[in-house]
Amino acid sequence: MTLPTPVLHTARLRLRPFADTDADLLFALHSSTYVMRYWDTPPWTEHAHAERFIAVCRKMADEGTGARVAIDRASDGAFVGWCGLTGWDPDYRSASLGYVLDDAMWGQGFATEAAHAVLEWAFDALDLNRVQAEADTRNVASARVLEKIGFVREGTLREDCVVNGEVSDSWVFGLLRREWRPSAVPIAAREVRR
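All of the points below concern the structure found in this document. (Residues numbered from 1 in each chain as written. Predicted model: local features only at pLDDT ≥ 70, side-chain atom pairs only at ≥ 80, totals over all residues. Heavy atoms only, no water.)

## So, the packing of helix α1 (residues 23–30) against helix α2 (residues 48–63)
Describing two packed helices takes the angle between their axes plus the distance from one axis to the other. Two elements in contact, α1 and α2, have axes separated by 8 Å at closest approach and are oriented at 115 degrees. Classified by the interaxial angle, the pair formed by α1 and α2 is roughly perpendicular. Viewed along their axes, α1 and α2 form a crossing whose handedness is right-handed. Counting all contacts with α1, which are made through Ala23, Leu26 and Phe27, the residues of α2 involved are Ala50, Glu51, Phe53 and Ile54. In terms of residue class, the contact of α1 with α2 is made up of 6 nonpolar, no polar and 1 charged. (Axes fitted to C-alpha atoms, helices over the stretch in contact; angles between N-to-C directions. Helix = DSSP H or I, 4+ residues; strand = E, 2+ residues; numbered from the N terminus. Parallel < 35°, antiparallel > 145°, perpendicular 65-115°, else oblique. Left-handed = near helix turned anticlockwise from the far one by under 90°. Contact = heavy atoms within 4.5 Å. Nonpolar A, V, L, I, M, F, W, Y, C, P; charged D, E, K, R; others polar.)

## Focus: helix α3 (residues 110–125)
Over its 16 residues, α3 runs 22 Å from end to end, which matches the ideal 22 Å to within 8%, given 1.5 Å per residue. Counting buried residues in α3 gives 14 out of 16 residues, a clear majority hidden from the surface. Positioned one or two residues after α3, Asp127 has a phi angle of 55 degrees, which is positive. (Expected span 1.5 Å × (residues − 1). Buried < 20%, exposed > 50% of the residue type's maximum accessible area, 1.4 Å probe, protein only.)

## Digging into the nonpolar core
Membership of the largest hydrophobic core comes to 40 residues, with the highest contact counts inside it found for Leu15, Leu85, Leu97, Leu119, Leu128 and Phe151. Going through the elements one at a time, β2 (13–16), β3 (67–73), β4 (79–89), β5 (94–101), α3, β6 (130–136), α4 (140–148) and β8 (166–176) are the ones with two or more residues in this core. In terms of residue count, α3 provides more of this core than any other element does, 10 residues in total. Setting aside anything within four residues of it in sequence, one finds Leu15 in contact with Pro6, Val7, Leu8, Thr10, Val69, Ala70, Ile71, Ala114, Ala117 and Val118. In terms of nonpolar packing, the next biggest core, distinct from the first, is built from 15 residues, Ala23, Met36, Trp44 and Ala70 among them. (Core = buried A, V, L, I, M, F, W, Y, C linked by side-chain atoms within 4.5 Å.)

## Overview of α4
Within an α-helix, residues lying three or four positions from one another point in the same direction, as the helix has 3.6 residues per turn. Turning to α4, its buried residues number three or more, namely Ser142, Ala143, Val145 and Leu146. Across the axial projection of α4, the buried residues extend over an arc of 155 degrees, all falling on one side. A positive backbone phi angle near 110 degrees is found at Gly150, which sits one or two residues after α4. (Arc of directions from axis to C-beta.)

## Quick notes on the pairing of strand β7 (residues 152–163)
The two faces of a sheet get side chains in turn, since along a regular strand they alternate between them. Where β7 and β8 come together, 8 bridges link them in antiparallel fashion. Counted as the bridge partner of Val152 is Gly174 from β8. As consecutive antiparallel partners, β7 and β8 are separated by 2 residues, and within that stretch Asn164 has a phi angle of approximately 50 degrees, a positive value. (Pairing = 2+ DSSP bridges.)

## As for the pattern of salt bridges
Following the criterion strictly, the structure yields 11 salt bridges and no others. A salt bridge links Asp127 to Arg177; the nearest nitrogen and oxygen atoms lie 3.2 Å apart. Here the residue Asp127 occupies a position in the loop between α3 and β6, and Arg177 occupies one in the loop between β8 and β9 (189–193), the gap between them amounting to 50 residues. You can call Arg177 partly exposed: its relative accessible area is 31%. Ionic contacts of the salt-bridge type, sharing partners, join the residues Arg16, Asp22 and Asp72 into one network. (Salt bridge = Lys/Arg side-chain N within 4 Å of Asp/Glu carboxyl O.)

So far we have only geometry, and geometry alone does not tell us how the molecule works.
In structure tokens, the structure reads:
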């Protein structure tokens, strides 16, 4: 079963499927040691990683296991980052949320806005019961984003990541359908690309 990647519009953002032309932007984002310092993999060192990432996004849509969208600022089309759901399990009605934003876009509420739009689409389109997310325990800003959109911190995975020899813990967050609060203002438009 395929899962067409949506195109979503919020007040300030456009979320869309990745294009081949996004590879340079993705590589710049994921090769930044500053942006990736709390991620569970090291920064990218080869441009081919970006091309594989885009291919994996398309494969997830084709296989129906998730959807990742590029985030652009609506006012000028500037690339903000990406957000997505992976590991969609229709039997358990669950998936995992993830996002990465360019550091120039931090602190402006874009992560909250984008994640909320993806969740609003997903709870509706995928009939989700639970969404899970993880954040490095040092990444307090990401934890705040998750809590703003309704996630509850459920526990700590001790020493679950080792990146470049550095061991770190992760917080596990969960959001249940009965706790989900869709926005009062509907997403401006929803399109689906096959």
